[in-house]
Amino acid sequence: YIKTEFCAGAMRTMRRASNLWRRAEQSLRPRGPCVARRSCRHFSADTHLLWKGVQSTSFSGNLEFRDGSETTFPVFQVLNSKGELQEGVDLPFSLEEGVQMMELMVKSKVYDDVLLTMQRQGRISFYCTNYGEEATSVGTAAALKPQDMIWPQYRELGAFLWRGLTAQEIADQNIGNEGDRSKGRNLQVHYCMLEKNMQTVHAVLGTQIPQAPGAGYAYKLDGEDRVSVAYFGDGAASEGDAFTGLNFASVYGSQTLFICRNNGYSISTGVEDQYRGDGIAARGPALAIPSVRVDGNDLVAVFLATQEARNRSIQQKTPILLELMTYRVGDHTTSDDSSAYRKEDKEEVQKYKSLGPIPRWRTFLESKGLWNEEKEKAIASAAREEMLQAMKSGETKKKAPLRELFTDVYTDLPWHLEEQAAYAEKHCREYSADYKMSAYRGLDGPAPTPDPSRIASAPRHIPKAPSRETQELTMVQAINEALSVALASNSRSVLFGEDVGFGGVFRCSVGLREKYGEHRVMNAPVAEQAIAAFAVGLSVAGYQAIAEMQFADYIFPAFDQIVNEIAKYRYRNAGGGAGNITIRAPCSAVGHGSMYHSQSVESYFAHCPGLKIIIPRGPKQAKGLLLAAIRDPDPVLFFEPKVLYRAKIEGPDSQVPVGDYELPIGQAEVVQEGTDVTLLGWGSQVGRLQAAAARAAAEGISCEVIDLQTIIPWDVDTVQASVQKTGRLIIAHEAPQTNGFGAEISAKIQERCFLHLQSPIQRVCGYDTHFPYAWEEFYVPSPARVLDAIKASIAY
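We now turn to the structure provided with this report. Starting from 1, residues in each chain are numbered consecutively following that chain's sequence as written. Note on the predicted model: pLDDT of at least 70 is required for a residue's local features to be given, and 80 or more for side-chain atom pairs to be given and counted; whole-chain, interface and lining totals, by contrast, use all residues. Here the side-chain values reflect all heavy atoms present in the structure, with hydrogen atoms and water set aside.

1. Section: the sheet that holds strand S12 (residues 493–497)
Either a parallel or an antiparallel arrangement is found when strands of a sheet pair, and the pairing is made through backbone hydrogen bonds.
Now for step 1: Paired strands, as defined in this entry, are two strands with at least two bridges between them according to DSSP. Numbered from the N terminus, helices here are DSSP runs of H or I no shorter than four residues, and strands are runs of E no shorter than two. Strand order across the open sheet formed by seven strands is S13-S12-S14-S15-S17-S16-S22, with mixed pairing between neighbours. Of all the strands in the sheet, just strand S13 (521–523) and strand S22 (710–712) have a single pairing partner and so form its edges. The average undirected angle you get between the axes of adjacent strands in this sheet is 20°.
Now for step 2: The contact criterion used is simple: two residues touch if any of their non-hydrogen atoms lie within 4.5 Å. As a rule, the C-alpha atoms of each element are fitted with a line to give its axis, helices using only the stretch in contact, and angles between N-to-C directions run from 0 to 180 degrees. Helix H13 (residues 475–489) rests against S12, S13, strand S14 (544–548), strand S15 (581–587) and strand S17 (636–641) of the sheet, and its axis sits at about 135° to S12.
Now for step 3: Against the sheet, helix H19 (residues 619–631) makes contact with S14, S15, strand S16 (612–614) and S17, and its axis sits at roughly 160° relative to S17, the strand it touches most.

2. Some details on the environment of Gln724
Now for step 1: Relative to the assigned elements, Gln724 resides in helix H21 (residues 716–726).
Now for step 2: For the pair Gln724 and Glu430, spaced 294 residues apart in sequence, the C-alpha to C-alpha distance is 31 Å.
Now for step 3: Residues in contact with Gln724, not counting those within four places in the same chain, are Arg752, Cys753 and His756.

3. A word on the pairing of strand S21 (residues 703–707)
Now for step 1: Only protein chains enter the accessibility calculation, which uses a 1.4 Å probe; a residue is then buried when its area is under 20% of its type maximum, exposed when over 50%, and partly exposed in between. Burial runs high along S21: five of the five residues are buried.
Now for step 2: Burial of S21 is two-sided: the residues Cys703, Val705 and Asp707 facing one way and the residues Glu704 and Ile706 facing the other way are all buried.
Now for step 3: When the strands point away from the viewer, a crossover counts as right-handed if the route from the first strand across the helix to the second turns clockwise. In this fold, the crossover linking strand S20 (residues 677–681) to S21 by way of helix H20 (residues 685–697) has right-handed handedness.

4. A short note on empty space enclosed by the protein
Now for step 1: Here a cavity denotes grid points, spaced 1 Å and computed from the protein atoms alone, that fit a 1.4 Å probe unable to get out, and a pocket denotes an open set having protein on both sides within 12 Å along at least 5 of 7 lines; residues with an atom within 4 Å of a point are the lining. Grid points are joined across faces, edges and corners, and a volume is the space filled by probe spheres set on the points. Taken as a whole and assessed by the stated rule, the structure comprises five cavities of 30 Å³ or more.
Now for step 2: Gln153, Tyr154, Gly233, Tyr265 and Ser266 are, among the 14 residues lining the largest cavity, the residues nearest its centre.
Now for step 3: For this scheme, ten residues count as nonpolar: Ala, Val, Leu, Ile, Met, Phe, Trp, Tyr, Cys and Pro. Four count as charged, namely Asp, Glu, Lys and Arg, and the remainder, Gly too, count as polar. Broken down by class, the residue content of the lining of the largest cavity amounts to five nonpolar, six polar and three charged.
Now for step 4: Of the voids in this model, the second largest cavity is the one considered here, and its volume is about 70 Å³.
Now for step 5: For the second largest cavity, the full set of lining residues is Cys587, Ser588, Ser600, Glu602, Ile615, Pro641, Trp682, Gly683, Ser684, Gln685, His733 and Glu734.
Now for step 6: Class assignment for the residues of the lining of the second largest cavity results in four nonpolar, six polar and two charged.

5. Some thoughts on H13
Now for step 1: If you check H13, its first and last C-alpha atoms are 21 Å apart, about what 15 residues at 1.5 Å a residue would give, namely 21 Å.
Now for step 2: Counting buried residues in H13 gives 11 out of 15 residues, a clear majority hidden from the surface. Multiplying 1.5 Å by the helix residue count minus one yields the expected span of that helix.

Note that every value here comes from positions in space, so none of it alone points to a role or purpose.
Below you can see the structure in the form of structure tokens.
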């Protein structure tokens, strides 16, 4: 049993921070009852491991159940509550730096005071204080290097101040005016300083924890003197993201620090209702992560622990877990009244305040003649005036232009956002009395004239034509080629997912690990949310992330990371951060998959702004579109119809151009021209539409078949032109009919083509049931069902 801890003993021998850390192996005494009343003994003294994945080297006749209480974590402390530094301990920073940290902790408290008052006065709508936890953010940030990437939660104001966030920037963000870095898009206290390596504050609890290891792994690959740092609280530690983040970091040896502020409360839920074990630090050793518990009110201990953890993480290529023990003396937020649930009485709360980091460090600095009451009052007064003036200035600023509502969802606004933006600009001027027009920049003149070329749905980027030389491939071979080309053409691309190193369950990545190395083609632990999150970290670090979900049916644990993080990343950061992410997943019916291996999930994600979605119909399209997706600056979900992986596809779709080529994202393809009815689908459904069209042709009906290819952004102009010609539209997809993407297409085409329609638009879809095993042939939109719809449309 390996136990890793900071030891506060033998302090006289501590002259450098590296001597603080020690690793000790402890043999636990037998505690359980002996089986069949035999004497307690081990059957073997073998030193080899008995099974992979555990460290057991012997069998035992004792039935032992261990709950972790055999060992406990000490709390590392060097500056006691009286402000006295333990004998033999040298400050790890200069006294001048110590004074600077004190000034920032005082500033943090004063800023909290002012902004809390602003919220009570109704001048901002929400606020979250940092009272009593100033050392956990200031002390850690001071011990880090400027190049270290910080993933904050929402009580890291001190870290932002250390890295240079100004009072004016704080005021602008809380007001949400045009001076806000995020253009007024985020809730209060969601600060961001990308240029100072600080990501936007995460609102969704714990989602940043599994993202940080992706960046830490990138720094390891690059051999950088740099760590990725995830801050979180004791409540967030209960999230599944916390466990998966720690595990991924451990498996990949990611240069990552996990800093948990254990302040005793998650809103109203105390730690006694949050977990039963020995806090958060005790979870690290189970995952082979060196861990330490620190007095979070001891600025010196926090600095020392962070500094040493950073050094070890880089030198040993390992994540480190730090649990900083502190106390939340304030409310959770201004929406909360902690007196209604706090278990401590007022006297106890006051005691905790007196034991906080500011009183303790104040006493120490006073003992050195570097601090006094007058100095602190002057700093507090100046900070108060600075924030008050910043608020007054911020309140005179307008909110960002209306167009900024639409920018940064994608790198470039697609046609549908250009269309919506043009409508919003025109509408608000026509109904100006209903809106606060003067509060926004740029609404005092006429509406901008829309650019027709921007509202056209044709792709704005057309790749160069592929090689004329082709080879016949299956879809799985074409995908393998695309992945190989992507890895060969960009050394900063990484492919990972469950069983990917082996080649994947469908063998799409076979041979790539041997070709490009295990550090770039990696198996991933079975945790879909962490796979998606790891991609975020890689992308933030400048890598091209290619993630695989084993089945589209299993993508839902990653739903939070995809729709709340990946899709929103550029928008909340006002243009910066993650984006170059491709998530591949086999999808749709396969003939025997039932409800957990057959789902078509595109409509779930099509509802979420910020994602592009592609579904290819054949090998040629799979290779070209996958390469385009991997290189696209926006996040792309690439769904691969698994029934087509090894299907024999006749005609040009199986003739795959040799070498590197891309096909345009957002462009539909007219697969077969016709005059009587338009058939629209994507993926494996296109083949069924072609089969139905052939049967209809035998009855004298001419069908135009269109492969949409890209679900978002979809090519409305191509579909519109076809429907205006044929007067009829039938949309087919495997997903259930209700709220399937066919409904969106139907609504938009009805808007644009109403006077051209000769019959109602029809949808031939999966039924509104779960995908069945026994009745799959009835469930899938077959050529016969499509033919039936064609006849009904013609006969209308």
